[in-house]
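Chain and residue survey
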Amino acid sequence: MKKLLIYFPESKLAPKGGQAGYLYNLKKGLEQLQENEKLQVDISFYNNAPVRFEDNAKLRNRVPKRILEIRRALNDAYFLKKKFPIDECLFDYDMIHFHWTEEVYLNRDFLEKYKGKVILTSHSPCVMYKERIGKLNPKDYQLLKTKIDRLEEMDRYAFGRADYIIFPCEEAEEPYFHTWDRYASIREADKYRYMTSGIVGCKAKVNRSDIRAKYNIPENAFVISYAGRHNEIKGYGDLKQIGERFAGEKDVYFLIAGKEEPMTGLKNDHWIEVGWTNDPHSLIAASDVFLLPNHETYFDLILLEVL
């Protein structure tokens, strides 16, 4: 039986967005196939990857914001010098499926010797180096712009080294064509495969009345919800403009889930920032309309969850 490694720690799987959520849902599907003896490949997750500073929420929350900003900019400026040591156990697998372009790049010493198949799924709503730049303090970026712009090499290497590249559908490639000038020239059509995304069924854990009571929202109010990243590419700026127009009205409320960075919400009693939550479905079910205002989108799992 062929052995495939998903280069992502099983301990980080969770019903949320991004890689962790996509792979959480995938694992649930794989378990059903395994139970029905329909799984023809031995699939496992990788748990030996170096621990990232970003994964330590307790430590990260103790560091002043400005220090975190400087650290992030310096990390991006000198990222291309970094690499992971070769993990010999990786040679045991016939296929390795990466879900970050940065991890393909950091494993380049190993991948020079690896003879198996390399699979890449990039979950970023635009080319990853551009998403990283979007998280920087603009002043830091301008100061280190020449070095940081070289981050494109990370994505170029990953797409070039992969034997197969998986997108959920052809339309999900649009943000890469739009945000990455080089994409059309480095794209090798015979590498691409399209696999529809799937999710575990979603339902509210808390009923509508209780959610509204918790956030002091009247029962008869019209509630607009949003769940996701607070940045421009996700349309959060447009969402705020809509909020500025309607949040002042007596019976209109905005119920917003997701970490309040890099952009912050409106200072308005009818604009409610819940923060990160592991139960966005109860918030969505308590609302009348869900807005998905993306400028560009890879293929949001939240769309399937709302449906």
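Residues numbered from 1 in each chain as written. Predicted model: local features only at pLDDT ≥ 70, side-chain atom pairs only at ≥ 80, totals over all residues. Heavy atoms only, no water.

**Considering the sheet that holds strand S10 (residues 289–290)**
The strand order across the open sheet formed by four strands is S9-S8-S7-S10, and the pairing between neighbours is parallel. The two strands at the open ends of the sheet, each matched to only one other strand, are strand S9 (271–275) and S10. Inspection of the sheet shows strand S8 (residues 252–257) paired to S9 by four bridges, in the parallel sense. Counted as the bridge partner of phenylalanine 254 is tryptophan 271 from S9. The strands that helix H13 (residues 236–246) touches are strand S7 (222–227), S8 and S9; relative to S8, the one it contacts most, it runs at about 155°. (Pairing = 2+ DSSP bridges. Helix = DSSP H or I, 4+ residues; strand = E, 2+ residues; numbered from the N terminus. Contact = heavy atoms within 4.5 Å. Axes fitted to C-alpha atoms, helices over the stretch in contact; angles between N-to-C directions.)

**Quick word on H13**
Among the residues of H13, Tyr236, Gly237, Leu239, Lys240 and Gly243 are the ones counted as buried. Within H13, the buried residues cover an arc of 155° as seen down the axis, which keeps them to one side. Seen from the open side of H13, the exposed residues pointing more than 90 degrees away from its buried face are Gln241 and Arg245. Each element contacted by the buried residues of H13 is listed here: S7, S8 and S9. (Buried < 20%, exposed > 50% of the residue type's maximum accessible area, 1.4 Å probe, protein only. Arc of directions from axis to C-beta.)

**Let's talk about a nonpolar patch on the surface**
Taken together, Ile67, Ile70, Leu74 and Tyr78 make up a surface patch of nonpolar side chains, about 340 Å² in accessible area. By the element assignment, isoleucine 67 lies in helix H3 (residues 65–77). What makes isoleucine 67 partly exposed here is its relative accessible area of 47%. (Patch = residues over 30% accessible without salt bridge, like charges linked within 9 Å, V, L, I, M, F, W, Y side chains within 5 Å. Areas by Shrake-Rupley, 256 points an atom, 1.4 Å probe, with all protein chains shown as cover. Salt bridge = Lys/Arg side-chain N within 4 Å of Asp/Glu carboxyl O.)

**Quick look at the pairing of strand S4 (residues 117–120)**
Note that strand S3 (residues 95–98) and S4 share four bridges and pair parallel. Bridging from a neighbouring strand, histidine 97 pairs with isoleucine 119 of S4. For S4 and strand S5 (residues 164–167), the ladder comprises two bridges, and the chain directions are parallel. In the strand pairing of S5, isoleucine 119 is matched with tyrosine 164.

**Some words on the nonpolar core**
Residues Ile96 and Phe159 are the most contacted members of the largest nonpolar core, which totals 55 residues. Ile217, Val223, Ile284 and Ile302 belong to the second-largest nonpolar core, a separate cluster that totals 15 residues. (Core = buried A, V, L, I, M, F, W, Y, C linked by side-chain atoms within 4.5 Å.)

**Structural notes on the pairing of strand S1 (residues 3–7)**
Across the five residues that make up S1, a large majority, four, are buried. The sheet contact formed by S1 and strand S2 (residues 42–45) spans four bridges and is parallel. Residue isoleucine 6 lies in a different strand from S2, and its bridge partner there is phenylalanine 45. Since S1 and S2 lie parallel, the crossover through helix H1 (residues 18–35) that links them has a hand, and here it is right-handed. (Right-handed = clockwise from strand over helix to strand, strands pointing away.)

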